[in-house]
Amino acid sequence: MKRNLANSILVIGIIALLAACSGERRADVLPASKLEAVLYDYHLAQVLVNDLPSNQRYKKDLYFGYVYDKHGVTEAQVDSSLVYYARYPEGLAEIYVKLSERIEA
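From a predicted model like this one, the values you see are computed outputs, not experimental measurements.

What counts, and where the lines are drawn
Residues numbered from 1 in each chain as written. Predicted model: local features only at pLDDT ≥ 70, side-chain atom pairs only at ≥ 80, totals over all residues. Heavy atoms only, no water. Core = buried A, V, L, I, M, F, W, Y, C linked by side-chain atoms within 4.5 Å. Buried < 20%, exposed > 50% of the residue type's maximum accessible area, 1.4 Å probe, protein only. Helix = DSSP H or I, 4+ residues; strand = E, 2+ residues; numbered from the N terminus. Contact = heavy atoms within 4.5 Å. Axes fitted to C-alpha atoms, helices over the stretch in contact; angles between N-to-C directions. Parallel < 35°, antiparallel > 145°, perpendicular 65-115°, else oblique. Left-handed = near helix turned anticlockwise from the far one by under 90°. Nonpolar A, V, L, I, M, F, W, Y, C, P; charged D, E, K, R; others polar.

Asker: Just checking my understanding: could you explain the nonpolar core for this structure?
Answerer: Nonpolar side chains tend toward joint burial in soluble globular proteins. The biggest cluster of nonpolar side chains holds 17 residues, and the ones touching the most others in it are Leu35, Val73, Val78, Tyr85 and Ile95. Elements represented by at least two residues in this core include exactly helix H2 (32-50), helix H3 (60-71), helix H4 (75-86) and helix H5 (89-104). Of the residues forming this core, the biggest block, six residues, is contributed by H2. Residues contacting Leu35, with those up to four places away along its chain left out, are Leu30, Val78, Ser81, Leu82, Tyr85 and Ile95.

Here you go:
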């Protein structure tokens, strides 16, 4: 009886793991083009924040908050998206290649 239960739990765990690892993008993950646009503005904001005098670093949250508001996303969505795309390095690399091209232009 215990062995059957253990086997059942193992099978359910494997099925759950396979379902979680499927290539389908979850609803909370931003499409690559949207993430690229957010990251472009985020990196620009980061440059601006780095150039602020130390007594004005409190504005950091305002800069990044503006980026999230502009694109209608939350920090959690961006974080989840980066975690998702980190599992697919080719996709993340493609996003950053496009970012580089935008920045160079």
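Asker: Just to check I follow, could you spell out the packing of H2 against H4 for this structure?
Answerer: Pairs of packed helices are described in terms of their axes, by the angle between the two and the distance that separates them. At a minimum axis distance of 11 Å, the contact between H2 and H4 shows a crossing angle of 120°. Accordingly, the angle class assigned to the pair H2 and H4 is oblique. Crossing handedness for the pair H2 and H4: left-handed. Along the contact surface, H2 presents Ala32, Leu35, Val38 and Leu39, while H4 presents Val78, Ser81, Leu82 and Tyr85. Looking at the contact of H2 with H4 residue by residue, the class counts come to seven nonpolar, one polar and no charged.

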